[in-house]
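In case you want the letters, here they are:
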Amino acid sequence: MSRWLCLLLLVCANAYASPADNAERSSADRATLITQLQDVRHNVADRTSELITTAMGFVGVPYRRGGTSAEIGFDCSGFVRAAFEQAKGLVLPRRASEQAAATEVIDKKDLQPGDLVFFNTMRRAFSHVGIYLGEGKFIHSPRSGAQVRVEDMGSRYWQRRFNGARRVAMDADEAQVPALLANTSALP
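Computed from a prediction, not measured in an experiment: that's the story for all the values here. Every chain begins its residue count from 1, and numbering advances along the sequence as written. Only residues with pLDDT of 70 or above have their local features reported here, since the model is predicted, and side-chain atom pairs are shown and tallied only from 80 upward, although totals for entire chains, interfaces and linings are computed over all residues. Side-chain calculation: all heavy atoms of the structure are included, whereas hydrogens and water are not.

## Observations regarding the overall build of the protein
Logical step 1: Working definition: helices are DSSP H or I runs of at least four residues, strands are E runs of at least two. Numbering for both runs from the N terminus. Counting its regular elements, the protein contains 7 helices and 8 strands.
Logical step 2: Taken over 188 residues, the protein has a buried fraction of 43%.
Logical step 3: Within the protein, contacts between residues at least 6 apart in sequence are counted, and of these 56% link residues at least 24 apart.
Logical step 4: We get accessible surface area from the Shrake-Rupley algorithm with a probe of 1.4 Å; when it comes to residues, only the shown protein chains can shield them. Accessible surface computed for the protein: about 10,000 Å², of which carbon and sulfur atoms make up 52%. Relative accessible area decides the class of each residue, using a 1.4 Å probe on protein chains only: under 20% of the type maximum gives buried, over 50% gives exposed, and in between gives partly exposed. Working rule for contacts: check all heavy atoms of both residues, and any pair within 4.5 Å makes them a contact.

Structural data, given as structure tokens:
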């Protein structure tokens, strides 16, 4: 989401930076474009908040190997899948490794709330998954005998096992942002 905010600010700055362009563009066209970009940004933020709220609602649900619901319990990938399905209507693959393969690779420094974080906890890549919350925290269903909880990725255990970050494919509103940005050059 923050990269879209940066792009929005860049577009707005460019819209007001060039006196020659400003003379040619009508203020109504600029206002319309800015309003559209702000609406998209708010919609994306609302859906990310909904995902985080949904995930946090599962705190305390017990771990259950192969579990896919709050009623019987979750394993890590079942938890992630249920949160995305309930909050966004997206059905992710069932296993953590399949979720990693089906999502966009991102750098750890680019993590945003709602992104997936993967760990090597069973001597194989992408054997554990959680949802990034921001500020170095993630939520997950950790292991047998435990419950869905929030943890710090900065702890020694998770730092040593971290092996990737992924972003779930853009939805329709997020896909509109690049199109709206491309249309800025078409303004009169």
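Here the narrative resumes, following the displayed structure.
## Regarding helix 4 (residues 76-88)
Logical step 1: Each residue after the first adds 1.5 Å to the expected span of a helix. Taking 1.5 Å per residue as the helical rise, helix 4 with its 13 residues ought to reach 18 Å, and the 18 Å between its terminal C-alpha atoms agrees with that figure.
Logical step 2: Those residues of helix 4 not exposed but buried are Cys-76, Ser-77, Gly-78, Phe-79, Val-80, Ala-82, Ala-83, Phe-84 and Ala-87.
Logical step 3: Gly-89 occupies a position one or two residues after helix 4 and carries a positive phi of about 75 degrees.

## Here's the deal with a nonpolar patch on the surface
Logical step 1: Side chains of Met-56, Val-59 and Val-150 sit close together on the surface and give an oily, nonpolar patch of about 220 Å² of accessible area.
Logical step 2: Structurally, Val-59 can be placed in the loop between helix 3 (27-56) and strand 1 (68-69).
Logical step 3: Given a relative accessible area of 42%, Val-59 falls into the partly exposed group. Candidate patch residues must exceed 30% relative accessible area and have no salt bridge, after which like charges are joined if within 9 Å and Val, Leu, Ile, Met, Phe, Trp or Tyr side chains if within 5 Å. Whenever Lys or Arg places a side-chain nitrogen within 4 Å of a carboxyl oxygen from Asp or Glu, that contact is recorded as a salt bridge.

## Thoughts on the sheet that holds strand 4 (residues 116-119)
Logical step 1: Taken in spatial order, the 6 strands of this open sheet run 3-8-4-5-6-7, and their pairing is antiparallel. Pairing within the sheet leaves two strands with one partner each, and these edge strands are strand 3 (104-106) and strand 7 (149-152). The sheet shows a mean angle of 40 degrees between the axes of neighbouring strands, taken without regard to direction.
Logical step 2: Two strands pair if DSSP finds at least two bridges between them. Inspection of the sheet shows strand 4 paired to strand 5 (residues 128-134) by 4 bridges, in the antiparallel sense. Residue Leu-116 lies in a different strand from strand 5, and its bridge partner there is Ile-131.
Logical step 3: Across the sheet, helix 4 is in contact with strand 4, strand 5 and strand 6 (137-140); its angle to strand 5 comes to roughly 45 degrees. To get an axis, a line is fitted to the C-alpha atoms, and for a helix only the part in contact is used. The angle between two axes follows their N-to-C directions and goes from 0 to 180 degrees.

## Some words on the packing of aromatic side chains
Logical step 1: Think of it this way: a Phe, Tyr or Trp ring, Trp meaning its six-membered ring, pairs with another when their centres are within 6.5 Å, and the plane angle makes it stacked under 30 degrees, edge-to-face over 60, tilted otherwise. The final tally for this structure, using the stated rule, is 9 aromatic pairs.
Logical step 2: Between Phe-138 and Trp-158 the ring centres are 5.2 Å apart and the planes differ by 80 degrees, which places this aromatic pair in the edge-to-face class. With Phe-138 in strand 6 and Trp-158 in helix 6 (residues 156-161), the pair connects residues that are 20 residues apart, well separated along the chain. The exposure classification of Phe-138 matches that of Trp-158, with both residues buried.
Logical step 3: Between the NZ or CZ atom of Lys-108 and the centre of the ring of Phe-162, over which it lies, the distance is 4.5 Å. Lysine NZ or arginine CZ positioned within 6 Å of the ring centre and within 35 degrees of the ring normal marks a charge as sitting over the ring.

## Details of the pairing of strand 6
Logical step 1: With 3 bridges joining them, strand 5 and strand 6 adopt antiparallel strand pairing. The residue bridging Gly-134 from the neighbouring strand is Lys-137, located in strand 6.
Logical step 2: Between the end of strand 5 and the start of strand 6, which pair antiparallel, lie 2 residues, with Glu-135 showing a positive phi angle near 55 degrees.

## Some points on the side chain of Ser-77
Logical step 1: The topology assignment puts Ser-77 in helix 4.
Logical step 2: Beyond its immediate chain neighbours, meaning those up to four positions away, Ser-77 contacts Arg-94, Arg-95, Ala-96, Gln-99 and Val-129.

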